[in-house]
Amino acid sequence: MEARPLVVVGAGVAGTAAAIEAAKVGVQVTLIDENPVPAAMAGLNVPLFFGQRFEDALSDRALMMERVVAANEGLSKAEDAGVDIRLGTCVWGAFRNSENSRVLDGPQIGLADHERSWMMKYDRLIVAAGSRDLSFGFAGCNLVGAMGANGAYSLMSRYDALAAKRMVVLGSGNLGLNTAKMALDNGIEVAAIVDVAPSVRGNDALVKTIHAQGVELFSSHTVKEAVGSNGDIESVMLVEIDDDCKPVAGTEKVITADTICLAIGLVPNVEILSLLNCDLNFKSELGGYVPSRDDWMRTSVDNVFVAGDAAGIHDAMFLDRNIARNQGRIAGIAAAESPGAITSGFPPSTGKMSEGQRGTSAFSNASSSPTEVHTLWKRWLRSLANVGGQDIVVCQCEEVTRSEIIGLEPPRYLEWGSDQMSRRSLQTQLKDNPVNPNQVKRLTRAGTGTCQGRNCREQVALLLAEESNTDIADVPLSTYRAPLRPLPLNVLWPDDESEDVRNEWPKWFSPNNKVLG
């Protein structure tokens, strides 16, 4: 067990800014970041949707560590400020005393690297865990090369290990346009940007820059199928859709590409905050469920703060990372002041901060309407369902399809069959209870795989809302438990068994303490 006054989770723009601000006033700060992630973890699409589209160099931990440090200017500034930096370390759990737990010696988080697992107590915690990719299923989405924008960004910016030559980007908002521009800047050809919206949605200057480089823009189009051989994507078939998201006959287009990058949207990483019982509210314009917090980035739990994408995402953040940086600075100052490190200046109660410091903390630059984000996501879901049918896999970990979720069908490997089960469906379930992803998860196993629903959670919620005619805001957040990351047993518990146990263990299973023959 370790103990630290202030722990910051996430060494992105917001996290490093928070750590630096707190360290400036003499607080001992520990900054934790899971990058570089092991290649085995990336192969499971955890923590990001990598889609197997990475080079073998990702397995070289020492090389990846060098690249992660070199790519993050904030790390060197944090080190100069005296911050204790822990790279390659993930947070797999978060715990505090509550109605169900009363014996903990203070709040703590569970940590793990590639060798061991341990606990760390804290006085104050800042969660700057970033965001994850919104994923949708389509024919061929299980082929190597179907990946998310955050996964592509990480492989290009952190690891310099993206194994892509020609890319199709789904999503024409600022996220998609920035992804396409970064790919072009890294020598990757971008064949097309595709969106179900009737027009390109992103920044006009970015659109002109990208279009000038020969990138085709397809509005009112969706993906019909990714085609490939030997498990890799080789081409993408697009089709035009009408106002009802139905395919227009004879409008299919085949584009040669080895990568499909889903840049439709991002979702705040709120798992740690959820485990700590921070209040979470649904706000479509910020990407879904986000923590309640004040102007000082303090959550409903007094000693827990949030900053950056984990606090909520809006379109302006894809163009200006100073928004996340300012939130990090505010959280760092507030968290440092809470333990009494700042004896003068501006307490949160008076709000004596300059406009430059406070500026964007309240998402004043949000450009999306309260319903625009999920309305667009629903249109993507409808188009893919109309084009690909109901037998497309939603949960890739457990191979659960749309029709199996709607029908509440048990896993195929159980081979259950009865009249009662054949009559069960989402509609019959709704007669007894409101729509709930947890109930669907128990019956179908959708969301119970190694990614714990990171790649299907939003898609399942949207599908349930669509089929039950329920407002997406009324669909509860699907739950998850520690460990938040898949952990090898030798990391979760590195201590070996004793010699006596090793030699005598068969007696545990034998009658009358006799060794089984």
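Some words on the overall build of the protein
Piece 1. When helices and strands are tallied, the protein shows 18 helices and 21 strands.
Piece 2. Taking the contacts inside the protein whose residues are at least 6 apart along the sequence as the reference set, 67% of them involve residues at least 24 apart.
Piece 3. For the protein, the exposed surface amounts to about 22800 Å²; the carbon and sulfur share of it is 48%.

Quick word on the confidence of the model for the protein
Piece 1. When pLDDT is averaged along the protein, the result is 89; 90% of the residues meet or exceed 70.
Piece 2. Throughout residues 343-368 the model reports pLDDT below 50, and contacts reaching past four residues in sequence, or to other chains, amount to 56 contacts.

Overview of helix H15 (residues 437-444)
Piece 1. Of the positions making up H15, those classed as buried are Pro437, Asn438, Val440, Lys441 and Thr444. Buried residues of H15, viewed axially, fall in a sector of 160 degrees; they line one side.
Piece 2. Packed against the buried residues of H15 are strand E21 (400-401), helix H12 (402-406) and helix H16 (457-468).
Piece 3. Sitting at the amino-terminal end of H15 is asparagine 436, which places a side-chain oxygen 2.8 Å from the backbone nitrogen of asparagine 438.
Piece 4. Looking at the residues trailing H15, positive phi occurs at arginine 445, about 75 degrees.

A short note on the packing of aromatic side chains
Piece 1. Enumeration over the complete set of coordinates arrives at 2 aromatic pairs.
Piece 2. Consider the rings of tryptophan 92 and phenylalanine 95, whose centres lie 6.0 Å apart with planes at 65 degrees: the pair is edge-to-face.
Piece 3. Taking relative accessible area as the criterion, tryptophan 92 reaches 11% and is therefore assigned buried.
Piece 4. On the accessibility criterion, phenylalanine 95 (29% relative accessible area) is partly exposed.
Piece 5. Over the aromatic face of tryptophan 118 sits the side chain of arginine 116, whose NZ or CZ is 3.9 Å from the ring centroid.

Examining the pattern of salt bridges
Piece 1. Scanning all chains against the criterion turns up 21 salt bridges.
Piece 2. Between arginine 86 and aspartate 84 there is a salt bridge, with the nearest N and O atoms lying 3.1 Å from each other.
Piece 3. Residue arginine 86 is classed as buried on the basis of its relative accessible area of 16%.
Piece 4. The class of aspartate 84 is partly exposed, set by a relative accessible area of 28%.
Piece 5. What emerges from the salt-bridge pattern is a single network uniting Glu2, Arg4, Asp84 and Arg86.

A few points about the nonpolar core
Piece 1. Val29 and Ile109 are the most contacted members of the largest nonpolar core, which totals 94 residues.
Piece 2. A per-element tally of this core places helix H9 (residues 322-337) first, with 8 residues.
Piece 3. Sequence-distant contacts of valine 29, defined by excluding residues within four places in its chain, comprise Leu6, Val8, Ala19, Ala22, Ala23, Val83 and Asp84.
Piece 4. Ranked by size, the runner-up nonpolar core spans 52 residues in total, among them Val223, Ala257, Ala461 and Val475.

What about the packing of helix H6 (residues 174-185) against helix H7 (residues 204-211)?
Piece 1. Look at H6 against H7: their axes get within 10 Å of each other, and the N-to-C directions meet at 35 degrees. Crossing geometry of H6 relative to H7 is assigned as left-handed. Taken together, the residues of H7 that come into contact with H6 (itself represented by Asn174, Leu177, Asn178, Ala180, Lys181 and Leu184) are Leu206, Val207, Thr209 and Ile210.

Quick notes on unusual backbone geometry
Piece 1. Here the bond from valine 46 into proline 47 is cis, since omega is 5 degrees, no more than 30 degrees from zero.
Piece 2. For proline 47, the location among the structural elements is in the loop between helix H2 (39-43) and helix H3 (61-71).
Piece 3. Located in the positive-phi region is asparagine 230, a residue other than glycine, with phi close to 55 degrees.
Piece 4. Relative to the helices and strands, asparagine 230 is located in the loop between strand E12 (221-229) and strand E13 (232-240).
Piece 5. Positive phi, close to 50 degrees, is recorded for leucine 408, a residue that is not glycine.

Description of the sheet that holds E13
Piece 1. Strands sit in the order E12-E13-E14 across an open sheet of 3 strands; the sheet is antiparallel. This sheet does not close on itself; its edge strands, each paired only once, are E12 and strand E14 (253-256). Strand-to-strand, the axes of this sheet are offset by a mean angle of 25 degrees, without reference to chain direction.
Piece 2. Bridge analysis of E13 against E14 gives 4 bridges, and the strand direction is antiparallel. Residue methionine 237 lies in a different strand from E14, and its bridge partner there is valine 254.

Let's talk about the side chain of asparagine 438
Piece 1. Structurally, asparagine 438 can be placed in helix H15.
Piece 2. For asparagine 438, the side chain forms a polar contact with the main-chain nitrogen of threonine 479, separated by 3.0 Å.
Piece 3. If sequence neighbours within four positions are ignored, asparagine 438 has contacts with Leu477, Ser478 and Thr479.

Some points on the environment of leucine 217
Piece 1. Checked against the element boundaries, leucine 217 lands in strand E11 (residues 216-218).
Piece 2. Sequence spacing of leucine 217 and valine 194 is 23 residues, and the spatial spacing of their C-alpha atoms is 6.1 Å.
Piece 3. Apart from residues no more than four positions distant in its own chain, leucine 217 is found in contact with Ile193, Val200, Val207 and His211.

Re a negative patch on the surface
Piece 1. Together, Glu240, Asp242, Asp243 and Asp244 make up a region of like negative charge exposed at the surface.
Piece 2. Relative to the elements of secondary structure, aspartate 242 occurs in the loop between E13 and E14.

Regarding the environment of lysine 24
Piece 1. Looking at where lysine 24 falls in the secondary structure, it is placed in helix H1 (residues 13-24).
Piece 2. Here lysine 24 falls in the exposed class, since its relative accessible area comes to 59%.
Piece 3. For lysine 24 and glycine 332, which are 308 residues apart along the polypeptide, the C-alpha to C-alpha distance reads 9.7 Å.

Some details on the environment of glutamine 327
Piece 1. As for its placement among the helices and strands, glutamine 327 is situated in helix H9.
Piece 2. For the pair glutamine 327 and glycine 308, spaced 19 residues apart in sequence, the C-alpha separation works out to 6.2 Å.

Examining the pairing of strand E2 (residues 29-32)
Piece 1. Along E2, one buried face is formed by Val29 and Leu31 and the opposite face, lined by Thr30 and Ile32, is buried too.
Piece 2. Relative to E2, strand E1 (residues 2-9) is paired through 4 bridges, and the arrangement is parallel. Following the sheet pairing, valine 7 is matched in E2 by threonine 30.
Piece 3. Handedness of the E1-H1-E2 crossover: right-handed.

Definitions and limits used
Per chain, residues are indexed from 1 in the order of the written sequence. Residue-level local features of this predicted model are given only where pLDDT is at least 70; pairs of side-chain atoms are given and counted only at 80 or more, and the full residue set underlies all totals for whole chains, interfaces and linings. Excluding hydrogens and water, the side-chain figures rest on all heavy atoms present in the structure. The way it works is that DSSP assigns letters per residue, a run of H or I at least four long becomes a helix, a run of E at least two long becomes a strand, and they are numbered from the N terminus. When checking whether two residues touch, look at their non-hydrogen atoms; a contact exists if any pair is within 4.5 Å. Note that accessible areas follow from Shrake-Rupley with a 1.4 Å probe, and for residues the cover is restricted to the protein chains shown. Residue-level confidence of the predictor, termed pLDDT, takes values from 0 up to 100. Exposure categories follow from relative accessible area, calculated using a 1.4 Å probe and restricted to protein chains: below 20% of the type maximum is buried, above 50% is exposed, and the middle band is partly exposed. Note: the arc covers the axis-to-C-beta directions of the helix. Pairing of N or O atoms within 3.5 Å defines a polar contact, subject to two protein rules: one partner must be a possible hydrogen donor and the other a possible acceptor, and residues neighboring in sequence count only if both atoms are side-chain atoms. Each pair of aromatic rings taken from Phe, Tyr and Trp, with Trp reduced to its six-membered ring, is defined by centres within 6.5 Å and is described as stacked if the planes are under 30 degrees apart, edge-to-face if over 60, and tilted in the remaining cases. Charge over a ring is defined by NZ of Lys or CZ of Arg lying within 6 Å of the ring centre and within 35 degrees of the ring normal. Any carboxyl oxygen of Asp or Glu within 4 Å of a side-chain nitrogen of Lys or Arg constitutes a salt bridge here. We define the nonpolar core as a collection of buried residues of types Ala, Val, Leu, Ile, Met, Phe, Trp, Tyr and Cys that are connected through side-chain atoms lying within 4.5 Å of one another. Every axis in this analysis is a line fitted to C-alpha atoms, fitted for helices over the stretch in contact. Angles between the N-to-C directions lie between 0 and 180 degrees. Should the near helix be turned anticlockwise from the far one by less than a right angle, the crossing is left-handed, and should it be turned clockwise, the crossing is right-handed. At least two bridges found by DSSP between two strands is the condition for calling them paired. Patch definition: residues above 30% relative accessible area lacking any salt bridge, with like charges linked at up to 9 Å and the nonpolar side chains Val, Leu, Ile, Met, Phe, Trp and Tyr linked at up to 5 Å. Positive residues here are Lys and Arg, negative ones are Asp and Glu, while His and the chain termini are left out of the count. All charge positions are set by atom: Lys at NZ, Arg at CZ, Asp at CG, Glu at CD. When the strands point away from the viewer, a crossover counts as right-handed if the route from the first strand across the helix to the second turns clockwise.

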